[in-house]
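Summary of the model geometry
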Amino acid sequence: MQFGIFTIGDVTTDPTTGTTPTEAERIQAMTAMALKAEEAGLDVFATGEHHNPPFVPSSPTTHLAYIAAKTENLILSTSTTLITTNDPVNLAEHYAFLQHLAEGRMDLMMGRGNTGPVYPWFGKDIRQGIPLAIENYHLLRRLWREEVVNWSGKFRTPLQGYTSTPMPLDGVPPFVWHGSIRSTEIAEQAAYYGDGFFHNNIFWNKEHTAKMVNLYRRRYEHYGHGQADQAIVGLGGQIFIGETEEAAKKFFRPYFDNAPVYGHGPSLEEFEELTPLTVGTVDQVVDRTLQFADWVGDYQRQLFLIDHAGLPLEVVLEQIEILGTQVVPELRRRFEDRRPEHVPSNPPTHQFLAEHRDLPHFQVQPAATGK
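Residues numbered from 1 in each chain as written. Predicted model: local features only at pLDDT ≥ 70, side-chain atom pairs only at ≥ 80, totals over all residues. Heavy atoms only, no water.

Remarks on the overall build of the protein
Within the protein, the secondary structure is distributed over 12 helices and 13 strands. In terms of C-alpha radius of gyration, the protein reaches 20 Å, essentially the compact-globule figure of 21 Å for 371 residues. With respect to the three principal axes, the spread of C-alpha positions in the protein is 60 × 45 × 40 Å. Split into buried and exposed, the 371 residues of the protein put 57% on the buried side. Taking all contacts inside the protein whose residues are at least 6 apart in sequence as the whole, residues at least 24 apart take part in 71%. Working note: accessible area of the protein is about 15,500 Å², and carbon and sulfur atoms make up 51% of it. Of the charged side chains in the protein, 30 are positive and 46 negative, and the gap between their average positions amounts to 6 Å. (Helix = DSSP H or I, 4+ residues; strand = E, 2+ residues; numbered from the N terminus. Rg over C-alpha atoms; globule rule 2.2 N^0.38 Å. Buried < 20%, exposed > 50% of the residue type's maximum accessible area, 1.4 Å probe, protein only. Contact = heavy atoms within 4.5 Å. Areas by Shrake-Rupley, 256 points an atom, 1.4 Å probe, with all protein chains shown as cover. Lys, Arg positive; Asp, Glu negative; His and termini not counted. Charge placed at Lys NZ, Arg CZ, Asp CG, Glu CD.)

Pasting the structure below:
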């Protein structure tokens, strides 16, 4: 099973000191997090994509390429890539180029984005978010799989005799996740293509998360990609770890209370009860995270948000160290102890996809994923 961290790249004032990092400092901090993730033995680093303040990650491929040059094992991903406001021709080129630079150590997560003003900035209509996601992704798949593409659709000019460059590494497109919190159409899209489905459940109760993932699983099986419990699922989560639960809550509370996303609402304790947020000891984080598989079934990727709300970089790096050395080893062991033999342990790697490129339907076999 893959474990990692993701960042949304917010520039947020530290409520305990009043210090606000510069954009340059925030970008350097995100890079330091990725390097620390590899050092601590984590599998994945993922960055968001935003084009509005207070966020800085407007060019994920640039950042991930830089990180790829400084790492050897880390899988680089996104959380998310905006399939709606980006031109699929541009996405095809940029992520194939990144795939070559990273020697296959990458995948990406498609998402619609939920910031209304961004759509008109890129000439799009947010009311067309779902149709844009469907049409753009269909074109992107063709650009990665066909040498010459002739295409026409509703949302961009037609293509005649177009060849995307570079084509994917080894002729194998990157593995794609579809990220959605509440859109059943996106779960359906992921299932239709046999892609992965990522539910970022940091703000939602377990019943909602289970409903979305189970819809995807049923439709994955319906389209003939494998059994429902073999579908490729990823989850988000947020944690803060302390030596004691009291110490963790005391330190994290001012950051939670002033967070731009969920601050000034339910209390920390209420939010922990309603969502997967866990603020406590190593054992508490392990036990709570293991419950996720009880909600959605055995899954393949777990990413944690660990740097939100103005937390100082030195604290974030310490959290990554604890996560990689104390939490994840125990989670790996216990998740695999409960996993049935026929359920894949990991999402498909570039090597696996290259070896199985001729399958009529992509099916992950446990033997191919290290189980």
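That shown, we press on.
A few points about unusual backbone geometry
Note that the residue after Pro53, namely Pro54, is joined by a cis bond; omega there is 5°. Of note, Pro54 is situated in the loop between β2 (44-47) and α2 (60-70). Here the amide bond leading from Ser79 into Thr80 is cis, since omega sits at 25°, within 30 degrees of zero. Considering the arrangement of structural elements, one finds Thr80 in the loop between β3 (75-78) and β4 (81-82). A positive phi is found at Asp170, a non-glycine position, where the angle reads about 60°.

Observations concerning the packing of helix α3 (residues 88-101) against helix α5 (residues 129-145)
It is at 9 Å that the axes of α3 and α5 come closest, and there the two elements cross at 45°. The angle between α3 and α5 falls in the class oblique. α5 is crossed by α3, and the crossing has right-handed handedness. Packed against α3, whose contacting residues are Pro88, Val89, Leu91, Ala92, Tyr95 and Ala96, the element α5 presents Asn136, Leu139, Leu140, Leu143 and Trp144 at the interface. For the contact of α3 with α5, the residue count by class is 10 nonpolar, one polar and no charged. (Axes fitted to C-alpha atoms, helices over the stretch in contact; angles between N-to-C directions. Parallel < 35°, antiparallel > 145°, perpendicular 65-115°, else oblique. Left-handed = near helix turned anticlockwise from the far one by under 90°. Nonpolar A, V, L, I, M, F, W, Y, C, P; charged D, E, K, R; others polar.)

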